[in-house]
Number of protein chains: 2
Amino acid sequence: MLEYSVEEPLNREPKLHDLVSNFITEPDAAYDRNHGPIPHLNASTHRVSVYGLVEKEISLSIDDLKSLPQHTVICALQCAGNRRHTMRTKLKEVSGIDWFDGAVMNCVWTGPLLLDVLNQAGVKVDEGKEAHVAFSCFQTPTQDDEWYGASIPLSRALDPKASILLALEMNGEPLPVKHGAPVRVVTPGIAGARSVKWLDRITVQLQESNNYYQRHDYKILPPEASTKEEAEKWWDRVDALQDMPVNSVIGIPALKSTVRADEDGMIEVKGYALPSGADGPIARVEVSGDEGKTWVDAQILEDESVREKYKGVVELKWAWALWTARVKVEKGKARKIWSRATDRSGNSQKAPSEVEWNFRGVAYNGYGEVDELEIV
Amino acid sequence: MLEYSVEEPLNREPKLHDLVSNFITEPDAAYDRNHGPIPHLNASTHRVSVYGLVEKEISLSIDDLKSLPQHTVICALQCAGNRRHTMRTKLKEVSGIDWFDGAVMNCVWTGPLLLDVLNQAGVKVDEGKEAHVAFSCFQTPTQDDEWYGASIPLSRALDPKASILLALEMNGEPLPVKHGAPVRVVTPGIAGARSVKWLDRITVQLQESNNYYQRHDYKILPPEASTKEEAEKWWDRVDALQDMPVNSVIGIPALKSTVRADEDGMIEVKGYALPSGADGPIARVEVSGDEGKTWVDAQILEDESVREKYKGVVELKWAWALWTARVKVEKGKARKIWSRATDRSGNSQKAPSEVEWNFRGVAYNGYGEVDELEIV
């Protein structure tokens, strides 16, 4: 009797080796994070409504969205809890799915600008007044709420440089069902939780979204919120996480692997780096094989085929940077390699010991690290 | 471009004189309380989904709902803030729409039992475990949230005596648009806020609804929550208001009116009385013309035409009781009349001085009272 079919939620992380081997992540090679069953919607009847503090409420079909100017962005989307496992193991136990370093994808997204859609409705908020744009998906229930929703600050939504899309395509193909077909939000630089899939409604409002996932979980609680009970007192006092911090991760070699050094005692290291929020692109990645005593610059790779394909169409500000480096590591067991990224605005990663723990283990950005390597 | 039309929210209270003159309230004579624009939905495509902790998710059309056994209930629905004006004026300023004593309607509702719909989906919650049934209307945004939702305890929903309906008809006619067409929840005895109109989804879940209107406003905060700032600390610590308390109201004579006493110094008084939650029907109504020194029993009216029409079909447990009394009041100015109702379970009203103030002015049930009468 269901008018659309649903699949159970899918939470999956790709292998890092595969992830860092392709500048553009294929839909089936990307991490998946859903809070409820995946709905299969009918694109010919689906509509997105724009409500709230607007001059005129509008309701747009997928064809309406296609008839607006289409923009293409290459952008990384990552889970707020990407690298949670590292915070858990380096610092202290945290609450949430045990993501390693691969809860991220770097893809090509195409669709109208959120800004164009908002302009069509006409935002009715006094300039300078704090407001929010909420995204709702009523199509599927979630584990912790009756539906899924999120919001971002209106100022970001109205920034023409923010490149926020209502994406209809992923990597040049129609958006796959599990990534939000027929239309999802893509908020470059912002935690993936705000890039709402299977989008139903956009609301301009004075408050943040009231949805569970905006009010809970994706927030950096202060360290004193160290238990579930303590956390309960803090959820309403802390703003929702928006921009993700600068980060880098080592994908190759893998944790706990055995690596043969070359004649000069050097090994090959490969990874990805992400800028902080809107502060991209990545300017520099450094790698250390001696726990930070010395650092060498990594080479940032540019995928020529992608650059060629989207020549003049896209900038790489929102994309991840893949990088490689050759670094000297002493032979023996229990060796470590670190990576450290700095973005165009000068934001840089901290040593793991300087990172502040938070209850949900979100936004961890200590140095990229692989340890327990055996160098032979 | 809207796929359905919407009207602005309507908040309206009828005159008490009219309200207490008819046992069954006509749709256009009833109070209206909406938190957002009124949606005009297409009954032929509208569906209600049942989700969450169920054996099998189902999605029902209006025809599916009509094909289930139909039940008829006469029940009063009232705003949690009914009589807020009295709390405001007798006790202290409160926050909310300034309802007088008329934010209530007594109507005939027809439709399938919520219980039958839940049984069709199969509730999957261990017996004795606390759970909730959430009702969602995603059709229209609200002032304080992106949508409207509420929940009631699962135990109430599963009680075959609770007579909770998914109402398709009001007073024997198709549900009017402003009262929730094509389908609304009717939760007898429970605050009107939980009787969600324009129903989209029913979710069986372990938590209360996360909607703003379940988390805020319709709660009895403790007296120390006396400012908006103080209230903020309390919303999450207090359960949502469910059952409404026993109550009575005097509709005739009107406040501040001039009334001619008869030869015996008596005047005619008329009003309504409501039982507490599921503790109906009303057993007794008393009236006092001397500020509680003496009380006389009112006569509870039974509308014979209604009783005839629904003979054997409905009980009057959930209905209001209309009543009349003759009471002695001394001639002069600034006179008062009080009323006091007691339900079948013995719940009775308190003197206004004994009622505890709460920030939102909800669930006020001090004696019914008209004051500033001039008796000539």
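Residues numbered from 1 in each chain as written. Chains lettered and ligands numbered in written order. Predicted model: local features only at pLDDT ≥ 70, side-chain atom pairs only at ≥ 80, totals over all residues. Heavy atoms only, no water.

### A few points about the state of the cysteines
Following the criterion strictly, the structure yields zero disulfides over all chains and no others. The cysteine A:Cys107 is free of any disulfide, with A:Cys75 supplying the nearest cysteine sulfur at 8.1 Å. (Disulfide = S-S within 2.5 Å.)

### Details of the interface of chain A and chain B
The figure often quoted for interface size is the accessible area lost as the parts come together. At the interface, 35 residues of chain A touch 36 residues of chain B. Both sides of the chain A and chain B interface together cover about 2,800 Å² of buried area, and 46% of this is carbon and sulfur. Viewed at the interface, chain B and chain A are joined by zero salt bridges. Inspection of the chain A/chain B interface yields 15 residue pairs in polar contact (both at pLDDT 80 or more). Looking at the side of chain A that touches chain B, the elements with two or more residues in it are strand E5 (47-52), strand E6 (58-61), strand E9 (132-137), strand E15 (201-205) and helix H6 (212-215) of chain A. A class-by-class count of the residues in the side of chain A that touches chain B yields 13 nonpolar, twelve polar and ten charged. (Contact = heavy atoms within 4.5 Å. Buried area = accessible area lost by both parts, 1.4 Å probe. Salt bridge = Lys/Arg side-chain N within 4 Å of Asp/Glu carboxyl O. Polar contact = N/O pair within 3.5 Å; in protein donor to acceptor, adjacent residues only side chain to side chain. Helix = DSSP H or I, 4+ residues; strand = E, 2+ residues; numbered from the N terminus. Nonpolar A, V, L, I, M, F, W, Y, C, P; charged D, E, K, R; others polar.)

### Description of the UniProt feature "domain: Oxidoreductase molybdopterin-binding" (unreviewed entry) in chain A
Taking the UniProt record as the reference, the feature "domain: Oxidoreductase molybdopterin-binding" (unreviewed entry) is found at residues 35-213 of chain A. Secondary structure content for residues 35-213 of chain A is 15% helix and 31% strand, while the C-alpha to C-alpha distance between its ends is 9 Å. (UniProt positions renumbered as here; feature names shortened; annotations may be inferred.)

### So, the layout of surface pockets
In this approach a probe as big as a water molecule rolls over the atoms, and the regions it shows empty are the leftover space. Approximately 1,400 Å³ is the volume found for the largest pocket. In terms of lining residues, the largest pocket is bounded by 47 residues, among which A:Arg215, A:Asp236, B:His216, B:Glu232 and B:Trp235 are the most central. Only helix H7 (228-234) of chain A together with helix H6 (212-215) and helix H7 (228-234) of chain B provide two or more residues apiece to the lining of the largest pocket. Considering every element that reaches the lining of the largest pocket, the biggest residue donor is H7(B), with five residues. (1 Å grid on protein atoms, 1.4 Å probe; cavity = no way out; pocket = protein on both sides within 12 Å on 5 of 7 lines; lining within 4 Å. Points joined across faces, edges and corners; volume = space filled by probe spheres on them.)

### Re the sheet that holds strand E13 (residues 173-174) of chain B
Pairing between the strands of a sheet comes from backbone hydrogen bonds, and it takes one of two forms, parallel or antiparallel. Residues and elements named next belong to chain B. Taken together, the four strands give an open sheet; going across it, the order is E7-E8-E12-E13, and neighbouring strands pair in antiparallel fashion. Two strands bound the open sheet, and with one partner strand each, they are strand E7 (71-78) and E13. Note: strand E12 (residues 169-170) against E13, two bridges, orientation antiparallel. Bridging across to E13, Glu 169 finds its partner in Pro 174. (Pairing = 2+ DSSP bridges.)

### Description of the packing of aromatic side chains
This model, assessed by the stated rule, comprises 19 aromatic pairs over all chains. On the numbers, 6.5 Å between centres and 55° between planes, the contact of A:Phe138 with B:Trp147 is tilted. Here A:Phe138 is found in the loop between E9 and strand E10 (148-153), whereas its partner B:Trp147 is found in the loop between strand E9 (132-137) and strand E10 (148-153) on a different chain. In this pair, the class of A:Phe138 matches that of B:Trp147, namely buried. (Phe/Tyr/Trp six-rings, centres within 6.5 Å; stacked < 30°, edge-to-face > 60°. Buried < 20%, exposed > 50% of the residue type's maximum accessible area, 1.4 Å probe, protein only.)

### Here we look at the confidence of the model for chain A
On average, chain A scores 93 in pLDDT, and the residues at 70 or more come to 98%. Under the prediction, the complex receives an ipTM of 0.73, its pTM being 0.84. (pLDDT = per-residue confidence, 0-100.)

### Notes on the sheet that holds strand E5 (residues 47-52) of chain B
All names here are of chain B. The strand order across the open sheet built from five strands is E6-E5-E15-E9-E10, with neighbouring strands paired in mixed fashion. A strand with exactly one partner marks an edge of an open sheet, and here the two such strands are strand E6 (58-61) and E10. This sheet shows a mean twist of 20° between the axes of neighbouring strands, independent of strand direction. Pairing between E5 and E6: four bridges, direction antiparallel. Each bridged residue has a counterpart across the sheet, and for Val 50 the counterpart in E6 is Ile 58. (Axes fitted to C-alpha atoms, helices over the stretch in contact; angles between N-to-C directions.)

### A short note on the environment of A:Val183
Residue and element names in this part refer to chain A. Within the element layout of this structure, Val 183 appears in the loop between strand E13 (173-174) and strand E14 (184-186). Exposure remark for Val 183: the relative accessible area of 0% places this residue in the buried category. As a C-alpha pair, Val 183 and Arg 47 span 136 residues in sequence and 9.3 Å in three-dimensional space. Every residue in contact with Val 183, bar those within four places of it in the chain, is listed here: His 46, Val 48, Ile 62, Leu 65, Leu 166, Ala 167, Leu 168, Leu 175, Lys 197, Trp 198 and Leu 199.

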